[in-house]
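Structural features, examined
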Amino acid sequence: MTDVAALFNRLTLGVYVVGVAHGERRDAFTAAWVMQASYDPPLLVVSVSPSNASFPLFHDGGAFTVNVLKRGQLVHARHFGTLSGRDRDKLEGFAWHAGRGGAPVLDDALAYFECEVTESRPAGDHVLVTGRVVGGRVLVADGTPMRYAETGDMDGSSALYPARL
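Values in this document were obtained by computation on a predicted structure and should not be read as measured data. (Residues numbered from 1 in each chain as written. Predicted model: local features only at pLDDT ≥ 70, side-chain atom pairs only at ≥ 80, totals over all residues. Heavy atoms only, no water.)

**Overview of the pattern of salt bridges**
This is how it is decided: Throughout this description, the term salt bridge denotes a Lys or Arg side-chain nitrogen within 4 Å of a carboxyl oxygen of Asp or Glu. For every residue, the accessible area obtained with a 1.4 Å probe (protein chains only) is divided by the maximum for its type, and the residue is called buried under 20%, exposed over 50%, and partly exposed between those limits.
Applying the stated criterion across every chain yields a total of one salt bridge. One salt bridge connects Arg-121 with Glu-119, and the closest N-O pair in it is separated by 2.9 Å. We classify Arg-121 as partly exposed; its relative accessible area is 47%. Using a relative accessible area of 36% as the deciding quantity, one classes Glu-119 as partly exposed.

The structure is reproduced here in structure tokens:
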């Protein structure tokens, strides 16, 4: 029998903190399912659970940021990935500034993208949100991006895969 979680853990994934905003509301969450979708125009796709507290801010705010974490920022990955914005201000204690669409940019990220939402569509138990890249910057030129494998099973995802294919 195939160990589905072990199989999927062999995909090379980065670790990102996605920031969203609407009005005065701000939130951010850890994501590994982020990918480039187009060169022209430059598009990124983020996979987000509709049960995530940040989800309504995608629709209402129309913009998001993708903060690329650097190797060793496990504290960031854990903080933004295991706490809920329903319970607290997850940005408290972190240095950040608002991007051009209002979504949070982490000051100590490796790099960041600023995106405007262009569409969203259901994909299984998640929603794929596509954003046109309208800005961004590399903050640490010689840094190495964090890989999802560094997080272990911090998010409990191994229990979410089907038992077999």
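Now that the structure has been shown, the text picks up again.
**Topic: the sheet that holds strand E5 (residues 63–68)**
Convention followed: Here the rule is simple: two strands pair whenever DSSP picks up at least two bridges between them. Under the scheme used here, helices are H or I runs from DSSP no shorter than 4 residues and strands are E runs no shorter than 2 residues, and both carry numbers assigned from the N terminus. To get an axis, a line is fitted to the C-alpha atoms, and for a helix only the part in contact is used. The angle between two axes follows their N-to-C directions and goes from 0 to 180 degrees. A contact between two residues is defined here by any heavy atoms of the two lying within 4.5 Å.
The sheet built from seven strands is open, its strands ordered E2-E1-E5-E8-E9-E4-E3 with antiparallel pairing. Strands at the two margins of the open sheet, each flanked by one partner only, are strand E2 (25–31) and strand E3 (34–38). Looking at each pair of strands side by side, their axes are set apart by 35° on average, direction ignored. Pairing geometry for strand E1 (residues 16–22) and E5, over five bridges, is antiparallel. Counted as the bridge partner of Tyr-16 is Val-68 from E5. Each of E1 and E2 is contacted by helix H3 (residues 74–82), which is oriented at about 115° to E2, the strand it contacts most.

**Some remarks on the pairing of strand E4 (residues 43–48)**
Within E4, six of the six residues are buried, leaving the element largely enclosed by the surrounding structure. Burial along E4 is two-sided: Leu-43, Val-45 and Ser-47 and Leu-44, Val-46 and Val-48, pointing in opposite directions, are all buried. Note that E3 and E4 share four bridges and pair antiparallel. Residue pairing in the sheet places Gln-36 in a bridge with Leu-44 of E4. Between E3 and the antiparallel strand that follows it, E4, lie four residues. Bridge count between E4 and strand E9 (residues 126–138): six bridges; the pairing is antiparallel. In the sheet register, Leu-44 faces E9, and the bridge partner there is Gly-131.

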